Amino acid sequence: TKYSFSCQKRGCVRRSITQPASDSTTSPRLFLSSLPANFILAHAAGQGARTVGLYHPADRAGGVARDGAEDAARRLGLRLAPVRAYPRSFEGIQTTAKGYADAHLAEGADAVLLPDVAQGLQAAAAFLNQFGLTRRETLFLGLSGWDAPSTPRENALRGGRFASLDPALVADFAARFEARYGRAPAPEAVIGYDAGAAAAEMARRGRAAGDPTPFDAEAITDPAGFPGAAGKPAGSVIASASKGVGS
């Protein structure tokens, strides 16, 4: 059995945990983890951070987030250290959190990126707080998976910052989708729509330039992004875990 918990003044309390959807190619959690980390790390750099730690789930979604963070750190000239993974369970986080916290403090990292969601996110943050990483000295960072009502319920995450899809644009997309198809869109629908918009834009640019390879790596990883339903580029809104998007 796997557990989540909440850390209170007298210790940690176990609760049953509902595991996230499997990390298949259609998992919303995988899509959320693949959103560019460039925006949140650029925000951290703007706040004076020079070294950022990464504590991520040891699963496919966590690996996607790790790759994105490593690429973003290279682009921004940030040092990404330490980088540690944890099995996404109560026991896995409990076993690895102290090792990460000790390494984080030894590296003198200014911030920590936690690319998890829901109960896994709350557990990771609470254990790190228990082992010495408090929000008073450490900037907690996340991706758009933090954009949930449960996030600020964990005291360690309050005041943390995360990259989010623009809620006004997402709401507009959802309204148009429901008007056309008679049902609400799945969480990853807006990202799929933007992927299609990006492909169409690359094809248009390729035709205009006479480029026979419009979908090469340079075009796909263009840091300027592409216009789409979630904005340009997706994930460019910086939000607070305590006050919401745009605060």
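Further up the page is the structure itself.
To keep things clear, this report deals only with the structure shown in the data block. (Residues numbered from 1 in each chain as written. Predicted model: local features only at pLDDT ≥ 70, side-chain atom pairs only at ≥ 80, totals over all residues. Heavy atoms only, no water.)

1. Structural notes on the overall build of the protein
Link 1 in the chain: Along the backbone of the protein there are eight helices and nine strands.
Link 2 in the chain: Sequence-distant contacts in the protein: of pairs separated by 6 or more residues, those separated by 24 or more amount to 70%. (Helix = DSSP H or I, 4+ residues; strand = E, 2+ residues; numbered from the N terminus. Contact = heavy atoms within 4.5 Å.)

2. Some words on the pattern of salt bridges
Link 1 in the chain: Tallied over the full model, the rule gives nine salt bridges.
Link 2 in the chain: Between Arg-176 and Asp-172 there is a salt bridge, and its shortest N-O distance comes to 3.0 Å. Taken together, the residues Arg-176 and Asp-172, both in helix α6 (residues 167-181) and four residues apart, mark about one turn of the helix.
Link 3 in the chain: You can call Arg-176 partly exposed: its relative accessible area is 42%.
Link 4 in the chain: One salt-bridge network, held together by shared partners, links Asp-71, Arg-74 and Arg-75. (Salt bridge = Lys/Arg side-chain N within 4 Å of Asp/Glu carboxyl O. Buried < 20%, exposed > 50% of the residue type's maximum accessible area, 1.4 Å probe, protein only.)

3. Re helix α3 (residues 60-76)
Link 1 in the chain: When the terminal C-alpha atoms of α3 are compared, their 24 Å separation across 17 residues agrees well with the 24 Å that a helix rising 1.5 Å per residue should span.
Link 2 in the chain: Along α3, the residues classified as buried are Ala-61, Gly-62, Gly-63, Ala-65, Ala-69, Ala-72 and Ala-73. (Expected span 1.5 Å × (residues − 1).)

4. Overview of the packing of aromatic side chains
How two aromatic rings sit relative to each other is given by the distance of their centres and the angle of their planes.
Link 1 in the chain: For the coordinates displayed, the defined rule picks out eight aromatic pairs.
Link 2 in the chain: Between the aromatic rings of Phe-127 and Phe-131, the centroid separation amounts to 6.0 Å while the plane-to-plane angle is 10 degrees, which identifies the pairing as stacked.
Link 3 in the chain: A residue is classified by how much of its surface remains accessible, and Phe-127, at 3% relative accessible area, is buried.
Link 4 in the chain: By relative accessible area, which is 26% here, Phe-131 ends up partly exposed.
Link 5 in the chain: Put simply, the rings of Phe-173, Phe-177, Tyr-181 and Tyr-193 touch in pairs and so form one group of aromatic residues. (Phe/Tyr/Trp six-rings, centres within 6.5 Å; stacked < 30°, edge-to-face > 60°.)

5. Examining the nonpolar core
Link 1 in the chain: Counting 21 residues, the largest nonpolar core has Tyr-55, Val-112, Leu-114, Leu-128, Phe-140, Trp-146 and Leu-157 as its most contacted members.
Link 2 in the chain: Of all the elements in the fold, those that place two or more residues in this core are α4 (90-107) and α5 (118-130).
Link 3 in the chain: Looking at which element gives the most residues to this core, the answer is α5, with six residues.
Link 4 in the chain: In this structure, Ala-44, Val-52, Ala-73 and Leu-78 belong to the second largest nonpolar core, which totals 18 residues. (Core = buried A, V, L, I, M, F, W, Y, C linked by side-chain atoms within 4.5 Å.)

6. Concerning the side chain of His-104
Link 1 in the chain: Assignment of secondary structure puts His-104 in helix α4.
Link 2 in the chain: Its relative accessible area of 1% is what places His-104 among the buried residues.
Link 3 in the chain: In this structure, His-104 is in contact with Gly-53, Pro-82, Ala-109, Ala-111, Val-112, Leu-133 and Thr-138, ignoring residues within four places of it in sequence.

7. Some details on the pairing of strand β7 (residues 161-164)
The side chains of a regular strand alternate between both faces of the sheet.
Link 1 in the chain: Residues Arg-161 and Ala-163 of β7 are buried on one face, and the alternating residues Phe-162 and Ser-164, pointing to the opposite face, are buried as well.
Link 2 in the chain: In this sheet, β7 lies alongside strand β6 (residues 139-142) in parallel orientation, the contact comprising two bridges. Bridging across to β7, Leu-141 finds its partner in Arg-161. (Pairing = 2+ DSSP bridges.)

8. Quick notes on unusual backbone geometry
Link 1 in the chain: For the peptide bond that leads from Ala-81 to Pro-82, omega is -5 degrees, which places it in the cis range.
Link 2 in the chain: Relative to the helices and strands, Pro-82 is located in strand β4 (residues 79-86).
Link 3 in the chain: At Ala-118, a residue that is not glycine, the phi angle is positive and equals roughly 50 degrees.
Link 4 in the chain: Locating Ala-118 in the fold gives a position in helix α5.
Link 5 in the chain: When its relative accessible area of 38% is taken as the criterion, Ala-118 is described as partly exposed.

9. Some words on the packing of helix α2 (residues 38-46) against α3
Link 1 in the chain: Here α2 crosses α3 at 45 degrees, and the two axes come no closer than 9 Å. With respect to α3, the element α2 is oriented oblique. Seen along the crossing, α2 lies across α3 with a hand that is right-handed. Here α2 contributes Asn-38, Leu-41 and Ala-42 to the contact with α3, which in turn contributes Ala-69, Ala-72, Ala-73, Arg-75 and Leu-76.
Link 2 in the chain: A per-class count over the contact of α2 with α3 returns six nonpolar, one polar and one charged. (Axes fitted to C-alpha atoms, helices over the stretch in contact; angles between N-to-C directions. Parallel < 35°, antiparallel > 145°, perpendicular 65-115°, else oblique. Left-handed = near helix turned anticlockwise from the far one by under 90°. Nonpolar A, V, L, I, M, F, W, Y, C, P; charged D, E, K, R; others polar.)

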